[in-house]
Amino acid sequence: MTRQMTGARMVVQALKDQGVEVVFGYPGGAVLPIYDEIFQQNDIRHILVRHEQGAIHMAEGYARSTGKVGVALVTSGPGATNAVTGLTDALLDSIPLVVLTGQVPTFMIGTDAFQEADTIGITRPCTKHNWLVKDTEKLSETIHQAFHVASHGRPGPVLIDIPKDVQFATGTYTPMEKTRVSHYQPRVKGDPEAIAAMVEMMETAERPVFYTGGGVINSGVKASALLREFVAATGFPITSTLMGLGAYPASGTAWLGMLGMHGLYEANLAMHGCDLMINIGARFDDRITGRIPDFSPHSKKVHVDIDPSSINKVIRVDVGIVGDIAHVLEEALALWKSRGSRVNKVGLAKWWAQIATWRAVKCLGYKGSTKVIKPQYALERLEALTKGMDRYITTEVGQHQMWAAQYLGFEAPNRWMTSGGLGTMGYGLPASIGVQIAHPDSLVINVAGEASWLMNMQEMGTAMQFRAPVKQFILNNERLGMVRQWQELLHGERYSQSWSESLPDFVKLAEAFGCKGVQVTDPKDLDDAIMEMIRYDGPFIFDCRVEKHENCFPMIPSGKPHNEMLLGDADTQGVIGAKGAVLV
Amino acid sequence: MSPLNIKKSASSHSAYELRDPNAPVIETHTLAVIVENEPGVLARVIGLFTARGYNIDSLTVAEVDHTSHRSRITVVTTGTPEVIVQIKAQLARMVPVYEVHDLTVEGPAVQRELALLKVAGKGEARIEALRLAEIFRAHVVDSTLESFVFEMTGTPEKIDSFAELMRPLGLREMARTGVAALSRGV
Ligand SMILES: Cc1ncc(C[n+]2csc(CCOP(=O)(O)OP(=O)(O)O)c2C)c(N)n1
Ligand SMILES: [Mg+2]
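These figures come from a predicted structure and were not determined experimentally.

Summing up its helical and strand segments, chain B has 4 helices and 9 strands in all. Across chain B, helices and strands are ordered from the amino to the carboxyl terminus as β-α-β-β-α-β-β-α-β-β-α-β-β. The proportion of buried residues among the 186 residues of chain B is 36%. Considering only contacts in chain B between residues 6 or more positions apart, those separated by 24 or more positions represent 72%.

What follows covers the coordination of the magnesium ion (ligand 2). Residue and element names in this part refer to chain A. Taken together, the protein donors to the magnesium ion (ligand 2) comprise Glu450 (OE), Glu450 (OE), Asn477 (OD1) and Arg479 (O), at separations of 2.1 to 2.7 Å. Around the magnesium ion (ligand 2), the 6 donor atoms are arranged such that angles at the metal cover 51 to 173°; this shape is classified as irregular. Expressed as a motif, the donor residue spacing for the magnesium ion (ligand 2) is E-x26-N-x1-R. Taken as a pair, glutamate 450 in helix H19 (residues 450-455) and asparagine 477 in the loop between strand E18 (471-476) and helix H21 (481-490) lie far apart in primary sequence, 27 residues in all. The buried category is assigned to asparagine 477, whose relative accessible area is 7%.

Turning to the site of ligand 1, a few remarks are in order. Residue and element names in this part refer to chain A. Taken together, 17 residues sit near ligand 1, with Gln399, His400, Gly423, Ser452 and Gly481 positioned nearest. In the model, an oxygen atom of ligand 1 is placed 3.2 Å from a nitrogen or oxygen of the glutamate 450 side chain. Compared with its free state, where it exposes 590 Å², ligand 1 has 76% of that area covered by protein. Secondary structure elements with two or more residues in the shell around ligand 1: helix H17 (399-407), H19 and H21. Counting residues per element, the shell around ligand 1 draws most heavily on H19, which supplies 4 residues. When the residues that make up the shell around ligand 1 are grouped by side-chain class, the tally is 7 nonpolar, 8 polar and 2 charged.

Attention shifts here to the pattern of salt bridges. On inspection of all chains with the given rule, the structure shows 36 salt bridges over all chains. A salt bridge links lysine 560 of chain A to glutamate 564 of chain A, with the shortest nitrogen-to-oxygen separation between them at 3.8 Å. For lysine 560 of chain A, a relative accessible area of 24% corresponds to the partly exposed category. Its salt-bridge partner being arginine 176 of chain B, residue aspartate 160 of chain B comes within 2.8 Å of it at the nearest N-O pair. Of this pair, aspartate 160 of chain B sits in helix H4 (residues 156-166) while arginine 176 of chain B sits in strand E8 (residues 171-176), placing them 16 residues apart in sequence. Judged by relative accessible area, aspartate 160 of chain B falls into the buried class, the value being 12%. The exposure class assigned to arginine 176 of chain B is partly exposed, which follows from its relative accessible area of 32%.

Residues and elements named next belong to chain A. Evaluated as defined, the whole model comprises 18 aromatic pairs over all chains. Aromatic side chains tyrosine 495 and tryptophan 499 sit 6.1 Å apart centroid to centroid with 70° between the ring planes, which places their arrangement in the edge-to-face category. The exposure class assigned to tryptophan 499 is partly exposed, which follows from its relative accessible area of 41%. Joined through ring pairs, the aromatic side chains of Phe210, Phe230, Phe236 and Trp336 make up one cluster.

On to the interface of chain B and chain A, then. With 13 residues of chain B in contact, the opposing surface of chain A contributes 14 residues. Approximately 1,300 Å² of surface area, both sides summed, lies buried where chain B meets chain A, with 54% of it carried by carbon and sulfur atoms. Its largest share of buried area at the contact with chain A, chain B owes to Arg44, Arg93 and Val95 of chain B, together 49% of the area lost on that side. Linking chain B with chain A are 1 salt bridge. Among the ionic pairs, aspartate 307 of chain A bridges to arginine 93 of chain B, the shortest N-O distance being 2.5 Å. Our enumeration of links across chain B and chain A arrives at 8 residue pairs in polar contact (both at pLDDT 80 or more). Counting residues per element, the ones that place at least two in the side of chain B that touches chain A are helix H1 (41-51), helix H2 (81-92) and strand E4 (97-102) of chain B. In terms of residues, the side of chain B that touches chain A owes the most to one element, H2 of chain B, which gives 4 residues. Partitioning the side of chain B that touches chain A into residue classes produces 6 nonpolar, 3 polar and 4 charged.

Before going further, it helps to spend a moment on the sheet that holds strand E7 (residues 157-163) of chain A. Residues and elements named next belong to chain A. The parallel open sheet is built from 6 strands, whose spatial order is E3-E2-E4-E5-E7-E6. Each end of this open sheet is capped by a strand with a single partner; those strands are strand E3 (45-48) and strand E6 (129-132). With direction set aside, neighbouring strand axes in the sheet form an average angle of 20°. Packed onto the sheet, helix H3 (residues 52-66) meets strand E2 (22-25), E3, strand E4 (70-74) and strand E5 (97-103) and runs at close to 165° relative to E4. Against the sheet, helix H5 (residues 84-92) makes contact with E5 and E7, and its axis sits at roughly 145° relative to E7, the strand it touches most.

All names here are of chain A. Examined bridge by bridge, E6 and E7 share 4 bridges and lie parallel to one another. Paired with asparagine 130 across the two strands is leucine 159, which belongs to E7. Crossover E6 to E7 through helix H7 (residues 139-151) is right-handed.

This part takes up the packing of helix H1 (residues 7-17) of chain A against H7 of chain A. Residue and element names in this part refer to chain A. Put simply, H1 and H7 touch, their axes get as near as 9 Å, and they point 30° apart. By the angle class used here, H1 and H7 are roughly parallel. Here the hand of the crossing between H1 and H7 comes out right-handed. Residues Gly7, Met10, Val11, Ala14, Leu15 and Asp17 of H1 pack against Leu139, Ser140, Ile143, His144 and Phe147 of H7. When grouped by side-chain class, the residues that make up the contact of H1 with H7 number 7 nonpolar, 3 polar and 1 charged.

Rules behind the numbers
Residues numbered from 1 in each chain as written. Chains lettered and ligands numbered in written order. Predicted model: local features only at pLDDT ≥ 70, side-chain atom pairs only at ≥ 80, totals over all residues. Heavy atoms only, no water. Helix = DSSP H or I, 4+ residues; strand = E, 2+ residues; numbered from the N terminus. Buried < 20%, exposed > 50% of the residue type's maximum accessible area, 1.4 Å probe, protein only. Contact = heavy atoms within 4.5 Å. Donors = N, O, S within 2.8 Å, 3.2 Å for Na, K, Ca; no water. Tetrahedral: all angles 85-135°; square planar, octahedral: opposite > 155°, others 65-115°. Near = heavy atom within 4 Å. Polar contact = N/O pair within 3.5 Å; in protein donor to acceptor, adjacent residues only side chain to side chain. Areas by Shrake-Rupley, 256 points an atom, 1.4 Å probe, with all protein chains shown as cover. Nonpolar A, V, L, I, M, F, W, Y, C, P; charged D, E, K, R; others polar. Salt bridge = Lys/Arg side-chain N within 4 Å of Asp/Glu carboxyl O. Phe/Tyr/Trp six-rings, centres within 6.5 Å; stacked < 30°, edge-to-face > 60°. Buried area = accessible area lost by both parts, 1.4 Å probe. Pairing = 2+ DSSP bridges. Axes fitted to C-alpha atoms, helices over the stretch in contact; angles between N-to-C directions. Right-handed = clockwise from strand over helix to strand, strands pointing away. Parallel < 35°, antiparallel > 145°, perpendicular 65-115°, else oblique. Left-handed = near helix turned anticlockwise from the far one by under 90°.

Structure representation (structure tokens):
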């Protein structure tokens, strides 16, 4: 059955066929025909954002909390350029998105027409792939292929640029089943020989550690289930990157906590001292490795990743396995069991005894206070009062983000959304709305810094309009806290431009948006206020006034190896040498 | 127009070239990348090289299969062995890329480049230019009383040495196609 329809209708039809329920977007001249089609149907819900960057982060929050592809629709020119930060964010965190942009009509491309931008050129380096569709006949097929590319292999954002005349013209709709199979078919099954090599190493290792990342979450819930089974069966300790939190439960006995620059002492020292490192879906990011020549110097390293270019990119490994995490874990687990489920029991017992001494350091300890709210305390209370609830957490970027990763526990995958790779301030508020749209009855909290939060605060309007009862938990230190911390450590305490001046009254701001806000300054009032926030039926802005000069520890200073971390009370002066200072 | 300053080819092995024995080994590789001939595909490949700081010594591209719209991009690049491996992996994961072949490691390959050289001169220099052109099997494709345009095909090194010889004899302009390469045998 072939069907004739306009390009604009094709867009909506193709999205429906792909099972899309929600589109985050903002209209404009170059996408009016598509908006006209959206108006005339009820299957796809359109969430009107307040800024296109918000649309992309919402689509990211939606995608990360559901495992589905997130979809956004924006106009040409400024609509497309406003989407660039979000696209780059999604590319670095491997989040599957399909972003549709309007373009000036084909016969005006290249004339500097009103609201013309070279969207394909601008977004080429910040998408996994992009397409300019110049012929309505090719539009539906391109959209179906876009979903395939976004969600297969290493996921990522893709963009389709659709000139306005292509939206108006009539063409043949190609259904999903009839779409040419894309040659883009990344390998999902790991090489059996490499898997066998890994299993053999696991049988004899004395000091093994699992180092897992966002790839486990991206692979799907099955990957997390297999990982848990593998960890339980082997008794190996496990740590994770910021991106991978929740794949293994924080309450699990083998859990060492997050690793990396602000990771836990036991996690980083286990990485440094292990004799077998099993990297599953992580990418040896510089936040993780610290100084490369000193990174885990005595270990054999295995790396499982769906992206062949990730293997040996930063750290040379002994065994590289290209494949989907769930596939590889399933085969490795089966093989390991069939060979007798062997581990080096004596070695492991000693290893755990060693880890126990590192855990005893209690690196997350901090000086409490009865007068001011310590940010760590605020998060401990938030954790205690929301634990066990059907809860999703997003964050902004800064100290609060690292404290959230340290003090909140994640029991399941897809419950933690944070901008890891790009470190985008302004991510958390829109992302929380995207999560809430996908999970209307769940508790969705954005742990924010006041400075980051202001970057996309206009999206409170979106939250109000679409009744997304997102909770904005702002750890307000009146500082660009993370910048201030680096200035203290690296720039002789010269706090250049790291004050948050002229902050709005967040309670009045909440009222202005039509929702509720509180300000809390006394630790005694914290619990009641958190409960009020949880119970409030609607968006909520929590202005949590915290200690202004708290530093985030533990910390591996730039250019230092894992075994030279700073714990809370360390003298912080002159710890980063000239070589480290050039690093970010 | 002044005589051209021609850079010595990266693969020249002069006895006077003093290398730091501890410097990382820099290798030159010729890659054949088979891609879908879609708009922007060349920009995408070049963008990868610039964004990640890889070198392009030479690059040619043309559609080689008009029915299936496949283009062949031949890239000559230099880097440490680790970087070369990364370049291949980064190319291979691009959506419009079908195949990546490293002709330098996949066995013997033939490499050819075509060059046009304009040499102006009179008298003895002019005769000398013609004599050398014959030795190098370059053809005269245009001539006036004061100039020749030579066409020659060969390895980039051969073209380099011919150009080097033509420089004192009045080399004015040169156009090169970049390298095309195929593996030997089947
Ligand atoms: C868009 C953007 N601009 C600048 C930065 C650099 N940066 C990283 S953290 C930070 C300060 C964040 O302040 P705040 O949101 O209040 O969080 P805090 O560190 O105080 O918890 C800045 C400016 C960034 N990550 N993103
Ligand atoms: Mg702050």
